[in-house]
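# Descriptive structure summary
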Amino acid sequence: MTGHGDIPMTVRAMKAGAIDILAKPFRHQEMLDAVATAIERDRKRREDDKMISNAQARVETLTPRERDVLALVAAGLMNKQIAAGGLALLRLP
């Protein structure tokens, strides 16, 4: 909230993570909407963080060979290519 905002101040606030800038006077509904938006963005961020953490934990359980195969799959190789020596294909320039 600001009563004396300008563009540089707004840019700094947004770069620092502000969800919205409310210029005084503002309606109560604007404040409620900004808070609801912030809560929803935080919920989504926490959900994404949890999914990433779960994926990292699963990757850590893979054997070295399984990690090699995962890298080949992620690189877009087909099963037949991986079976036919995908590691050599992955190391090509």
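For clarity, every value in this text was computed on a predicted model and none was experimentally measured.

## So, the overall build of the chain
For the chain, the count of helices and strands is 5 helices and 0 strands. Along the chain, helices and strands appear, N-terminal first, in the series α-α-α-α-α. Compactness check: the chain gives a C-alpha radius of gyration of 24 Å against a globular reference of 12 Å for 93 residues, more than 25% above the reference. Each principal axis of the C-alpha distribution contributes one length, and for the chain these read about 70 × 30 × 20 Å. Within the chain, the proportion of its 93 residues that are buried is 8%.

## Quick word on helix α1 (residues 7–15)
The backbone nitrogen of M9 lies 2.9 Å from a side-chain oxygen of the residue at the head of α1, namely D6. With its phi angle positive at about 110°, G17 sits one or two positions after the end of α1.

## A few points about the confidence of the model for the chain
Should pLDDT be low for a region, the predicted coordinates there are not to be read in detail. In this model, the chain carries an average pLDDT of 87, and 91% of its residues clear a pLDDT of 70 or more. Mean pLDDT values for the elements of the chain range from 62 in helix α5 (residues 86–90) up to 95 in helix α2 (residues 28–60).

## Examining unusual backbone geometry
Geometrically, the link from K24 to P25 is a cis peptide bond, its omega value of -10° lying close to zero. In this structure, P25 sits in the loop between α1 and α2.

## Points about the pattern of salt bridges
Tallying each qualifying case throughout the model produces 6 salt bridges. As a salt-bridge pair, R46 and D42 come within 2.8 Å of each other at their nearest N and O atoms. Taken together, the positions of R46 and D42, both in helix α2 and 4 residues apart, correspond to about one turn of that helix. One salt bridge connects R43 with E47, and the closest N-O pair in it is separated by 2.8 Å. Residue R43 and its partner E47 are located together in helix α2, separated by 4 residues, close to a single helical turn.

## Describing the environment of M9
Along the chain, M9 falls in helix α1. A relative accessible area of 24% means that M9 is categorised as partly exposed. When the C-alpha positions of M9 and P25 are compared, they lie 18 Å apart, and in sequence the two are 16 residues distant.

## What about the environment of I21?
Looking at the element boundaries, I21 is found in the loop between α1 and α2. According to the relative accessible area criterion, I21 is partly exposed, its value standing at 27%. Separated by 15 residues in the primary sequence, I21 and A36 place their C-alpha atoms 14 Å from one another. Excluding anything up to four places from it in sequence, I21 contacts T2, T10, A13 and M14.

Cut-offs used in this document
What you see as residue numbers is a count from 1 along each chain, following the sequence as written. In keeping with the predicted nature of the model, local features appear solely for residues at pLDDT of at least 70, side-chain atom pairs appear and are counted solely at 80 or more, and the whole-chain, interface and lining totals rest on all residues. Excluding hydrogens and water, the side-chain figures rest on all heavy atoms present in the structure. The secondary structure listing takes helices from DSSP runs of H or I that are at least 4 residues long and strands from runs of E that are at least 2 residues long, numbered from the N terminus. We compute the radius of gyration from the C-alpha atoms alone; for a globule the expected value is 2.2 Å times N to the 0.38, where N is the number of residues. A simple rule labels every residue: compare its accessible area, found with a 1.4 Å probe on the protein chains alone, to the largest value its type can have, and call it buried under 20%, exposed over 50%, or partly exposed in between. Here a polar contact is recorded for every N or O atom pair within 3.5 Å, except that within protein the pair must consist of a potential hydrogen donor and a potential acceptor, and residues adjacent in sequence are included only if both atoms are side-chain atoms. pLDDT gives the predictor's per-residue confidence on a scale running from 0 to 100. Salt bridge, as applied in this entry: a Lys or Arg side-chain nitrogen positioned within 4 Å of an Asp or Glu carboxyl oxygen. By definition in these notes, contact holds between two residues if any of their heavy atoms fall within 4.5 Å.

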